[in-house]
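One-letter residues, chain by chain:
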Amino acid sequence: MMTPTSFILILSAIIFTIGAVGVLVRRNALIIFMSVEMMLNSVNLTLVAVANQWGNLTGQIFAFIVIAVAAVEVAVGLAIIIAIVRHKDTTNIDEVHLLKG
Amino acid sequence: MSLISFFILAFFALLTALGVLLSKNAVYSALSLLAHFLTIALLYFALSAQFLGIVQVIVYAGAIVVLFLFVIMLIGGATTPAIHEKRPIARVAATVLGALFLLGLMVVLFKGLPLGATPAGAPDAGSVQAVAEPLYTTYLLPFELASVLLLAGMLGGIVLALKERKR
């Protein structure tokens, strides 16, 4: 029996929620960043599942562009984390409050 | 994709996602993330998106996770301070918010989608040739913009991580 597309959408919704809870719960900037990647990835899974459902490649191309943007985001984000560590010597986001007056 | 293989893959995807969340050591989180991305790549293959599956393995598992591990090893903060242990209220609140969010997503999913429809999905729908054809014709502009974005991201990463010179 084939898997209905809705099962995959439910799976990616659960993964997205796990990522969102990870962003809220963890205080290590690196783990928060990994959770954000997981959320992006679950949205990609949704796009691919729907592209498969309708037999249309547009969703796959959207997911491809999202992967490219995610790669850029990781490069810049990790550079920011390295700059913060050099500045404050911590990856704990509660100790980084440079915008606080 | 048969239901059995879907449930096995879904189980591993959720297990590794929770592993990222619950590991005390950031290196274990990164390795869980690697396993998670590989499981998602297998799901892509099963959804007849072979090209995206390969891209997922190369870009996510090959580049992004390696970059994460590289930074974790570089800055040395592998074991996280137990500060999130000290705030059980925040943790409970985040879990409740997450549950509510999931509930909302499920409501939208079950109300808005034609559930149960089984996809047709030709087996070679996501081959390199099939994906490249619209990518280089209809979607040429986003493709080129992505390359500009990659260049900008590369420059941004170098500028941000470059050591400040002494004046």
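Going by the structure above, here's the rest.
Caption draft 1: Region of interest: the overall build of chain B. Scanning chain B for helices and strands turns up six helices and zero strands. Ordered by position in the sequence, the α and β elements of chain B form the string α-α-α-α-α-α. Sorting the 167 residues of chain B into buried and exposed places 33% on the buried side. A fraction of 58% describes how many contacts in chain B between residues 6 or more apart in sequence connect residues 24 or more apart. Put simply, chain B shows about 10,000 Å² of open surface, and 76% of that area lies on carbon and sulfur atoms.

Caption draft 2: The overall build of chain A, seen in detail. Along chain A, the regular secondary structure elements total three helices and zero strands. Listing every helix and strand of chain A by position from the N terminus yields α-α-α. Taking all 101 residues of chain A together, the buried fraction comes to 60%. Once local pairs closer than 6 in sequence are excluded, the contacts in chain A between residues at least 24 apart make up 54%. Summed over all atoms, the accessible surface of chain A reaches about 3,900 Å², with 71% contributed by carbon and sulfur.

Caption draft 3: The arrangement of the interface of chain A and chain B in detail. Facing 67 residues of chain A, the contacting portion of chain B comprises 82 residues. With both chains or domains summed, chain A and chain B bury close to 6,700 Å², and 78% of this area falls on carbon and sulfur atoms. The interface formed by chain A and chain B holds seven residue pairs in polar contact (both at pLDDT 80 or more) in total. Contributing elements (two or more residues each) for the side of chain A that touches chain B: helix H1 (5-25), helix H2 (29-54) and helix H3 (58-88) of chain A. When residues in the side of chain A that touches chain B are grouped by element, the largest group, 23 residues, is from H3(A).

Caption draft 4: Representation of the packing of aromatic side chains within the structure. For the structure on display, the rule yields nine aromatic pairs over all chains. Centroid distance A:Phe64 to B:Phe51: 5.6 Å. Interplanar angle 40°. Geometry classified as tilted. Taken together, the residues span two chains, with A:Phe64 in helix H3 and B:Phe51 in helix H3 (residues 50-75). In this structure A:Phe64 comes out as buried when scored by relative accessible area, which is 18%. One aromatic cluster is present, built from ring pairs that chain together A:Phe7, B:Phe6 and B:Phe7.

Caption draft 5: Quick peek at the packing of H3(A) against helix H6 (residues 140-161) of chain B. For the pair H3(A) and H6(B), the least separation of the axes is 9 Å and the interaxial angle reads 10°. Overall, the two elements H3(A) and H6(B) adopt an arrangement that is roughly parallel. When H3(A) is examined against H6(B), the residues A:Phe64, A:Ile65, A:Ala68, A:Val69, A:Val72, A:Ala75, A:Val76, A:Ala79, A:Ile80, A:Ala83 and A:Arg86 are found in contact with a partner set consisting of B:Pro142, B:Phe143, B:Ala146, B:Leu149, B:Leu150, B:Gly153, B:Gly157, B:Leu160 and B:Ala161. When grouped by side-chain class, the residues that make up the contact of H3(A) with H6(B) number 17 nonpolar, two polar and one charged.

Caption draft 6: Molecular detail of a nonpolar patch on the surface. Taken together, the side chains of A:Leu24, B:Val92, B:Val96, B:Leu97, B:Leu100, B:Leu103 and B:Val107 present a nonpolar region at the surface, about 640 Å² in accessible area. Here the element with the most residues in the nonpolar patch is helix H4 (residues 88-112) of chain B; it accounts for six residues. Mapped onto the elements of the fold, B:Leu97 is located in helix H4.

What counts, and where the lines are drawn
- Along each chain, numbering runs from 1 in the same order as the chain's sequence is written.
- Here every chain gets a letter starting at A, and every ligand a number starting at 1, in the order they are written.
- The model is predicted, so local features are restricted to residues of pLDDT at least 70 and side-chain atom pairs to those at 80 or more, both for listing and for counting; the totals for chains, interfaces and linings are taken over all residues.
- No hydrogens and no water enter the side-chain calculation; it runs on all heavy atoms of the structure.
- Helix and strand assignments follow DSSP, with helices taken as H or I runs no shorter than four residues and strands as E runs no shorter than two, numbered in order from the N terminus.
- Type-normalised accessible area, obtained with a 1.4 Å probe on protein chains alone, sets the label of each residue: buried when under 20%, exposed when over 50%, and partly exposed for intermediate values.
- Pairs of residues are marked as contacts when any of their non-hydrogen atoms sit within 4.5 Å.
- Per-residue and other accessible areas were derived by the Shrake-Rupley procedure at a 1.4 Å probe size, with only the shown protein chains allowed to occlude residues.
- For any pair of parts, buried area is found by adding up, for both, the accessible area (1.4 Å probe) each one loses once the two are put together.
- Any pair of nitrogen or oxygen atoms within 3.5 Å is treated as a polar contact; in protein, a donor-acceptor pairing is required on top of that, and neighbouring residues in sequence qualify only through side-chain atoms on both sides.
- Between the rings of Phe, Tyr and Trp (Trp by its six-membered ring), a pair exists once the centres lie within 6.5 Å; its type follows the angle of the planes, with under 30 degrees stacked, over 60 edge-to-face, and the other angles tilted.
- Only the stretch in contact is used when fitting a helix axis, every axis being a line fitted to C-alpha atoms; angles between N-to-C directions are given from 0 to 180 degrees.
- Roughly parallel covers angles under 35 degrees, roughly antiparallel covers those over 145, roughly perpendicular covers 65 to 115, and oblique covers all other angles.
- For this classification, the nonpolar set comprises Ala, Val, Leu, Ile, Met, Phe, Trp, Tyr, Cys and Pro, the charged set comprises Asp, Glu, Lys and Arg, and every other residue, Gly included, is treated as polar.
- Like charges are joined within 9 Å and nonpolar side chains (Val, Leu, Ile, Met, Phe, Trp, Tyr) within 5 Å, but only among residues with over 30% relative accessible area and no salt bridge; these make up the patches.
- Basic side-chain nitrogens of Lys or Arg form a salt bridge, by our definition, when they fall within 4 Å of a carboxyl oxygen of Asp or Glu.

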